[in-house]
2 protein chains.
Amino acid sequence: MTQVRPMRADARRNYERLLKVAAEAFAEHGENASLDDIAKRAGVGSGTLYRHFPTRQALLEAAYVDRIEALGSRADELARELPPGEALMEWLNELCVATIQVRGMKSLLGSAVTDGSSAALTACGTTVKGAASRLVEAAQAEGVLRADLEPIELLRLAHGVATASELANGQGREIRRYLALLTEGLRPAG
Amino acid sequence: MTQVRPMRADARRNYERLLKVAAEAFAEHGENASLDDIAKRAGVGSGTLYRHFPTRQALLEAAYVDRIEALGSRADELARELPPGEALMEWLNELCVATIQVRGMKSLLGSAVTDGSSAALTACGTTVKGAASRLVEAAQAEGVLRADLEPIELLRLAHGVATASELANGQGREIRRYLALLTEGLRPAG
DNA sequence: CACTAAACGGAGACAGTCCCCGCTTATCGC
DNA sequence: GCGATAAGCGGGGACTGTCTCCGTTTAGTG
């Protein structure tokens, strides 16, 4: 159904180069790095870039799939090492850190949990939602997490926490505090 | 110290026109409305626009001051009508609604609570922070809000909640739920 | 080796930002 | 009223970025 014919050698080569250069460029200039510039740096025409990656979002996703995959397997690793509640919190923390510190990741993770986006089920969306679901269910089974909380809601709230921390400009130092506030609530400590 | 001489009549006229048109344009096309287009619609050259408002942020702020002021006085109104805890929650809800539904307001409120931004103490920042401080202190005095919570932290978290709700694409229907989750915490209801 | 379809690439149309500087006009002293 | 003058105007144009189109090149195949 996909890829009736394997990619031509030159196409594959350009594809790889673009991915490599794009990751560098996004890291260096943020998610708004010039696409034509990426093409130039990869030594291809802009037409080639746009053919392989029709939208900025597509390039962003392709450039960061492995990092997203890493977040996915990190979830399972944490689930093995820690009790469910802690595993979930630690994972959310790492998710927020990635959201803020890996330039370009934010819009990608954001659109992954956006409802009603055209191609909502992108690869990275599936990965992240899967990881979150597993952790959430485990925590709920243990009774350390509200039973009425949907994984996607938690992902959105985590995105919100990352955004809040970003506003503090502390390079993510506030993430743990804001996550704790979210977990424990705003009522006086009891 | 400011305004040694009053603005020339034509300057004032253009200033007003630009503000009016800008508010419409931002409402219609979001915060990225074309500035040259705003100038054109106001019947002035782009030079005039950039002279009055050196940055997009400046124009955004000028166009929305009155709405921000309204949020400020709304805080006191709520403080008079409701017990401190409820007043705070209701105000946060209205703040989030404004953040999402008034196009262009988000980046404005965001930069108002950003630490380390160059001109951090913009007018609207002061207004919003003042309102939040009054409500937070009242709630803390009543013992219904954690004593260690800074107003600015709450504003940032509210911005996060607004962002999270936005991802749900429900036109703000999720705001109350997410605010409640933040208030009560993620632990099982008790 | 020749053929063909896949892939390339960069010119160019378009849109946005922002500055510069010659021109216009409101204001003020007379 | 009436010039003088500086405050203010405005649009042309340089620049940067996006994205498409289509003539040219080249990998893969028999």
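Structure's up top.
For every chain, the first residue of the written sequence is number 1, and numbering continues from 1 along that sequence. Chains carry letters from A onward and ligands carry numbers from 1 onward, assigned in written order. Given that the model is predicted, a residue must reach a pLDDT of at least 70 before its local features are reported, and side-chain atom pairs must reach 80 or more before they are shown or counted; all residues, however, enter totals for whole chains, interfaces and linings. As a rule here, side-chain values cover all heavy atoms of the structure and leave hydrogens and water aside.

**Student:** Would you mind going over the relation of the copies chain B and chain A in detail, with residue names and values included?
**Tutor:** When the copies are superposed, the least-squares fit takes in the C-alpha atoms of residues with a pLDDT of at least 70 in both. Superposing chain B onto chain A takes a rotation of 180° plus a shift of 0.0 Å along the axis, which leaves an RMSD of 0.0 Å. What we have between these two chains is a two-fold relation.

**Student:** I'd like a rundown of the environment of Leu 49 of chain B, residues and numbers included.
**Tutor:** Residue and element names in this part refer to chain B. We count a stretch as a helix when DSSP gives it H or I for four or more residues in a row; a strand needs E for two or more, and each element gets its number in order from the N terminus. Within the secondary structure layout, Leu 49 lies in helix 3 (residues 46-52). Among the residues examined, Leu 49 registers a relative accessible area of 1% and is labelled buried. Note: C-alpha distance between Leu 49 and Asp 66 (17 residues apart in sequence) is 20 Å. Relative accessible area decides the class of each residue, using a 1.4 Å probe on protein chains only: under 20% of the type maximum gives buried, over 50% gives exposed, and in between gives partly exposed.

**Student:** So, the protein's contact with DNA strand C: which residues are in play, and what are the values?
**Tutor:** Whether a residue is near a molecule or strand depends on its heavy atoms: if one lies within 4 Å, it is near. Around DNA strand C sit 21 residues in total, of which Arg 8, Asn 14 and Arg 51 of chain A together with Leu 35 and Arg 56 of chain B are the nearest. Counted by atom, the contact set of DNA strand C within 4 Å of the protein is 61% sugar and phosphate. Here a polar contact is recorded for every N or O atom pair within 3.5 Å, except that within protein the pair must consist of a potential hydrogen donor and a potential acceptor, and residues adjacent in sequence are included only if both atoms are side-chain atoms. One nitrogen or oxygen atom from the side chain of Arg 8 of chain B is found 3.4 Å from a sugar or linking oxygen belonging to DNA strand C. For the surface near DNA strand C, the secondary structure elements donating two or more residues are helix 1 (9-29) and helix 3 (46-52) of chain A together with helix 1 (9-29), helix 2 (35-41) and helix 3 of chain B. With five residues, helix 3 of chain A is the largest single contributor of residues to the surface near DNA strand C.

**Student:** Report on the nonpolar core, specifying residues and quantitative values.
**Tutor:** Formed by 121 residues in total, the largest nonpolar core has its most connected members in Ile 38 and Trp 91 of chain A together with Ile 38 and Trp 91 of chain B. The dominant element in this core, judged by the number of residues it contributes, is helix 4 (residues 56-81) of chain A, at nine residues. Ignoring anything within four residues of it in the chain, the contact list for Trp 91 of chain A reads Leu 71, Arg 74, Ala 75, Leu 78, Val 128, Ala 131, Ala 132, Leu 135 and Leu 155 of chain A. The term nonpolar core refers to a set of buried residues drawn from Ala, Val, Leu, Ile, Met, Phe, Trp, Tyr and Cys, joined through side-chain atoms within 4.5 Å. Residue contacts are counted whenever heavy atoms from the two residues lie within 4.5 Å of one another.

**Student:** A description of the protein's contact with DNA strand D should follow, citing residues and the corresponding values.
**Tutor:** In the vicinity of DNA strand D, 21 residues are found, and the nearest of them are Leu 35 and Arg 56 of chain A together with Arg 8, Asn 14 and Arg 51 of chain B. The protein-proximal atoms of DNA strand D, defined as those within 4 Å of the protein, are 63% sugar or phosphate. Residue Ser 46 of chain A places a side-chain N or O atom 3.5 Å away from a base oxygen belonging to DNA strand D. Counting residues per element, the ones that place at least two in the surface near DNA strand D are helix 1, helix 2 (35-41) and helix 3 of chain A together with helix 1 and helix 3 of chain B. Take the surface near DNA strand D: its biggest share by element is five residues, from helix 3 of chain B. All residues other than Ala, Val, Leu, Ile, Met, Phe, Trp, Tyr, Cys, Pro, Asp, Glu, Lys and Arg, Gly among them, are scored as polar; the first ten of these are nonpolar and the last four charged. Within the surface near DNA strand D, the residues separate by chemical class into six nonpolar, eight polar and seven charged.

**Student:** So, the interface of chain B and chain A: which residues are in play, and what are the values?
**Tutor:** Facing 33 residues of chain B, the contacting portion of chain A comprises 33 residues. Summed over both partners, the accessible area (1.4 Å probe) lost when two parts come together is defined as the buried area. Together chain B and chain A conceal approximately 3,300 Å² of surface at their shared face, both sides included; 60% is due to carbon and sulfur atoms. Criterion for a salt bridge: a side-chain nitrogen of Lys or Arg within 4 Å of a carboxyl oxygen of Asp or Glu. Here chain B is connected to chain A by six salt bridges. The residue Arg 177 of chain B makes a salt bridge to Glu 153 of chain A at a minimum N-O spacing of 2.8 Å. For the pair chain B and chain A, the interface holds 18 residue pairs in polar contact (both at pLDDT 80 or more). For the side of chain B that touches chain A, the elements supplying multiple residues, two or more each, are helix 8 (151-167) and helix 9 (175-184) of chain B.

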